[in-house]
Amino acid sequence: MSSPHPTTTAAGHTGGPADAPAAGGFLATPRDVVVAALALIVAQLAFRGWALSGSWYRFDDANFMSKLMSDGLSADLLFNGFAGHLMPAAFALTSYNFGLDPYTWAYPAVELLVLQAIANLGALVFLCSAFGKRRGILPPLALFLFSSISLPAFLSWGPGITQLPFLAAIFWGSWAHLNYLRTRRFRWALLAMLITLAAIAFGEKAMLLFWPYAVLALGWFATGDILTRLRTITGRYLPGVLLYGFVSVGSVIAYLTLGAGSSKASGSSDANGFALVAQRFLLESWAPGVVGGPLRWKWIEGNSAGWAEPGAVVSVLAVGVLALLTFELARTRSIALRAWWLVGGILVIDIALITAIRAGGVGADIALAYRYLTDTIAVTAMALALATLPLRGAVETLTPTRTSPFLDNPRRVAVATAIVAALGLFSSYSYAQSWHDDDNTRRYIDTVRGDLADVEEPLPMADGPVPQWMVWGASYPYNQVSRVLRPLSDKMAFPEASTDNLYLVDKDGHIRPALVDPERRSVGAVDPTPSLDKCSMRVRQTPLEVGLDGGVDGAGWWIRIAYVAADKDAGRMRVTAGDHSYDVEVAPGFRSLYVRTGEGRFDTISFQSLTPGSKPCLGGIEVGSLVPFGDPISGPVEDG
């Protein structure tokens, strides 16, 4: 936090030596402070490098894979959004990685680590520029580096590639913005907007950057009531206000026009829903995460990430610690609580977004998922610095009003910082360890690849959804095996009809023979074991209608047709189920023909020979869903 600070003049200059890092002893020089800060950054990057080394693509990442590898990097994908998000730069980089090798994790892992390093250096540059190279910048830096709040998004490519650029832009954009506020040189405003637009290109949520820009300007670079401050900022920084206004309004319009329509959100917009999300978000997620929690995580089957589970004791202690810190700041520092507007605004916006977009499908517990809180730790660290240190060059800035037995005792602050950092590191380690152990997506795809390793010709496969924990059904058709596993298309074919052999991918990723589990069967004179000598249902060039013992409605069912054909019957046959017809090859011998149904309802199936002289004999007909049977094509699977 900080040592006592002298009163700051209107120009923002401090009087006396207290603005130096320290008068002597621990971290006595600016160089010592920078070295300590860099050591913290290196330690955090080393830990996160370990965490990434055991990670892999997960959940939303499979959505990325499926969408990109099915449709390619099109203008529609870049500029019309996907699942409510507009993130052209994220899709472009993902497409580049997949073009190198879609199943190599090293490329995204290195990119995520580089983005984290850029964010870390941005935090250090901002803190040094804003407050000087003093030991008071180390607690907010350590809070940002070691809190577990930003870890879940960091470990997963989809959330990471959209949110890490936002984290970096919070610091680098605010650094450029502060330089503009101090110097009024337009080039700094232009740089701030270029950084902002770069972050928005990776994810539309970076539009929230305009909140810290506004709070810094109104709170520290103007005086008077809010209307007076607005007039001051508008008059003093008119070119920047116009530029910021153009970029912010233009970004909102672009998102609403291009990206918002792609959302399949399920929100909870009533006041009760907002209150429940706020309770989870503030008391069970954010507050514990700020002081080193949550310490425990809850892993739910079918969910791709752990949720915070701090428990009542940790939650109460976390809120109590933050309340005591706030009281001490208000008691001993002028305008310290003004900094809470910075984090408070982001918290309210994030809660509103979760309530409106996500809570309806999962409930208020979605606020326990830290991937939705990633940005809060950056603004919380920034607010902590603004609440404890004088902002250099500001018109109004913090001054001590009385001595604090905690804030003005460097040793106590250092101990508190070390405890919070250690707890945050423990929470992060326990999350990363569970994340490594729960790597179902990699096991699934590795199993598929292992089963297909010796396949030389594409296998006829039945398409269908991958497990829900991999891609939700709401993402149809991008949850289908044929799309998620598109890089393996040279070894898998997905026909609408196949003779004798049909395979599917089971829930564990093994390739197994498929069997129709019948819901409907043929009725009438059809012989379940057809014979060439005696046939009660022979297919000719005149259409033949075969009834079922009930109606079939909807696509995705499979029909198994048993038939026998002599050598002279080889040719083509048309099978019609409802509005859909399939021209299939008739092969000599006893055969099983598998046909996938289309949309619509039907209770009869029509057969017609398309080859003169070809008269295959039908046996039993079954309609139902496919189930796996037998061993995987790679061999028996040992239990355990």
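So, here is what we can say about the structure in this document. (Residues numbered from 1 in each chain as written. Predicted model: local features only at pLDDT ≥ 70, side-chain atom pairs only at ≥ 80, totals over all residues. Heavy atoms only, no water.)

### Section: the pattern of salt bridges
Close approach of charged atoms allows side chains of opposite charge to pair. Heads up, the rule is: Each reported salt bridge corresponds to a side-chain nitrogen of Lys or Arg within 4 Å of a carboxyl oxygen of Asp or Glu.
Following the criterion strictly, the structure yields 17 salt bridges and no others. Among the salt bridges present, the one from Arg442 reaches Asp439, with a minimum N-O distance of 2.8 Å. The salt bridge partner of Arg512 is Asp506, with a shortest N-O separation of 2.5 Å.

### Some words on unusual backbone geometry
Rule in force here: Only DSSP runs of H or I reaching four residues or more are called helices, and only runs of E reaching two or more are called strands; each is numbered from the N terminus.
A cis amide bond links Gly293 to the next residue, Pro294, at an omega of 10°. As for its placement among the helices and strands, Pro294 is situated in the loop between α13 (271-290) and β1 (297-298). Unlike most non-glycine residues, Ile335 shows phi in positive territory, near 50°. Here Ile335 is to be found in the loop between α14 (311-332) and α15 (340-357). For Asp500, which is not a glycine, the phi torsion comes out positive at approximately 70°.

### A word on the pairing of strand β14 (residues 617-628)
Cut-off, in case you're wondering: Pairing between strands is defined by DSSP: at least two bridges between the two strands are required.
Looking at chain direction, strand β7 (residues 511-521) and β14 are connected through seven bridges and run antiparallel. Across the sheet, the residue bridging to Arg521 is Glu622, located in β14. Direction of pairing for strand β9 (residues 558-565) relative to β14: antiparallel, over a ladder of six bridges. Bridging from a neighbouring strand, Tyr563 pairs with Leu618 of β14.

### So, the side chain of Asp506
Our working definition: Polar contact is defined as a pair of N or O atoms within 3.5 Å, subject to the rule that within protein one atom must be able to donate a hydrogen and the other to accept it, and that residues adjacent in sequence are counted only when both atoms are side-chain atoms. In what follows, a contact means two residues having at least one pair of non-hydrogen atoms within 4.5 Å.
Structurally, Asp506 is set in the loop between β6 (503-505) and β7. In terms of polar contacts, Asp506 uses its side chain to reach the backbone amide nitrogen of Asp508, at 2.9 Å. Look past the residues within four positions of Asp506 in its chain and what remains in contact with it is Tyr444, Arg512 and Pro628.

### What about the sheet that holds strand β11 (residues 580-586)?
This is how the line gets drawn: Lines fitted to C-alpha atoms define the axes, with helix axes restricted to the stretch in contact, and inter-axis angles between N-to-C directions lie between 0 and 180 degrees.
Sheet architecture is open: four strands sit in the order β8-β13-β10-β11, paired in antiparallel fashion. Looking at which strands have only one partner, the edges of the open sheet turn out to be β8 (544-553) and β11. The sheet shows a mean angle of 20° between the axes of neighbouring strands, taken without regard to direction. Pairing between strand β10 (residues 571-577) and strand β13 (residues 601-609): five bridges, direction antiparallel.

These values are about where atoms sit, not about what they do.
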